[in-house]
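Structural description and commentary
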Amino acid sequence: MPLEDFSIKQEAAAGKPGVMLVHVAGYLDAHTYEQLEETIAELFGKNQYKIVVNLANVEYISSAGAGVFIGALSEAQEHGGNIVLMSPTTNVGEVFDLLGLTQIFQVVDDQKTAFAAF
C-alpha cells in the first residue's frame, strides 16, 4: 500500500466536550506509526487526554503501530484521560488479541459506547 494512502484526521467529539476523535486509515506500521505518535503528542500538548481512535479503516497494524497506543496509554491515564480503540477491522482485532491489548484497552464497536467510556 502506498504511503500516501495512510491518513490521520482529528476532530473534537460532537456532544462530548474534552474528547478527541482520531480517525486512522491505511496501514499502521513501521513506516507510518510516527505520524500517529506525533498526532497523539500534539493532543497531549494541548491537554487533550481523552482520545477515541477510530480504526475502522485500518487495514493492517504492526507491533510498531500497536506500540504507539501502549506508549500513550499511561500518559493519558496519568492525566485523568484514556485511549479507547473503536471499530477495529477483523485483522486489526486479531492482532490486538494476539498482543493482549484487548486486556489493557477498552475496545468498542461504536462511537456511543466509546464516548460512554469517559
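What comes next is a walk through the structure. (Residues numbered from 1 in each chain as written. Predicted model: local features only at pLDDT ≥ 70, side-chain atom pairs only at ≥ 80, totals over all residues. Heavy atoms only, no water.)

Scanning the protein for helices and strands turns up 5 helices and 5 strands. In terms of overall dimensions, the protein is globule-like: its C-alpha atoms have a radius of gyration of 13 Å, near the 13 Å expected for 118 residues. The dimensions of the protein, computed from C-alpha atoms along their principal axes, are 35 × 25 × 25 Å. Excluding contacts between residues fewer than 6 apart, the proportion of contacts in the protein whose partners are at least 24 apart in sequence is 67%. Accessible surface computed for the protein: about 6,100 Å², of which carbon and sulfur atoms make up 47%. Here the protein holds 5 positive side-chain charges and 15 negative ones, and the gap between their average locations is 15 Å. (Helix = DSSP H or I, 4+ residues; strand = E, 2+ residues; numbered from the N terminus. Rg over C-alpha atoms; globule rule 2.2 N^0.38 Å. Contact = heavy atoms within 4.5 Å. Areas by Shrake-Rupley, 256 points an atom, 1.4 Å probe, with all protein chains shown as cover. Lys, Arg positive; Asp, Glu negative; His and termini not counted. Charge placed at Lys NZ, Arg CZ, Asp CG, Glu CD.)

Here we come to the pairing of strand β4 (residues 82–86). For β4, the buried fraction is high: 5 of the 5 residues fall into the buried class. Neither face of β4 is open: one carries Asn 82, Val 84 and Met 86, the other Ile 83 and Leu 85, and all of them are buried. Across 5 bridges, the pairing between strand β3 (residues 50–61) and β4 is parallel. Bridge pairing in β4 places Val 52 opposite Val 84. Regarding topology, helix α2 (residues 63–78) serves as the crossover connection from β3 to the parallel β4, and that connection is right-handed. In terms of strand pairing, β4 meets strand β5 (residues 106–108) through 3 bridges, oriented parallel. Its bridge partner lying in β5, Val 84 is registered against Gln 106. (Buried < 20%, exposed > 50% of the residue type's maximum accessible area, 1.4 Å probe, protein only. Pairing = 2+ DSSP bridges. Right-handed = clockwise from strand over helix to strand, strands pointing away.)

Here Gly 15 lies in the loop between β1 (7–12) and β2 (19–28). The exposure class assigned to Gly 15 is exposed, which follows from its relative accessible area of 80%. A C-alpha to C-alpha distance of 9.3 Å links Gly 15 and Phe 115, two positions 100 residues apart in sequence.

Let us look at unusual backbone geometry. The backbone of Asn 47 shows a phi angle near 60°, a positive value even though the residue is not glycine. Tracing the backbone through its elements, the reader meets Asn 47 in the loop between α1 (33–45) and β3. Judged by its relative accessible area of 60%, Asn 47 is exposed. Despite not being glycine, Ser 87 has its phi angle at roughly 55°, a positive value.

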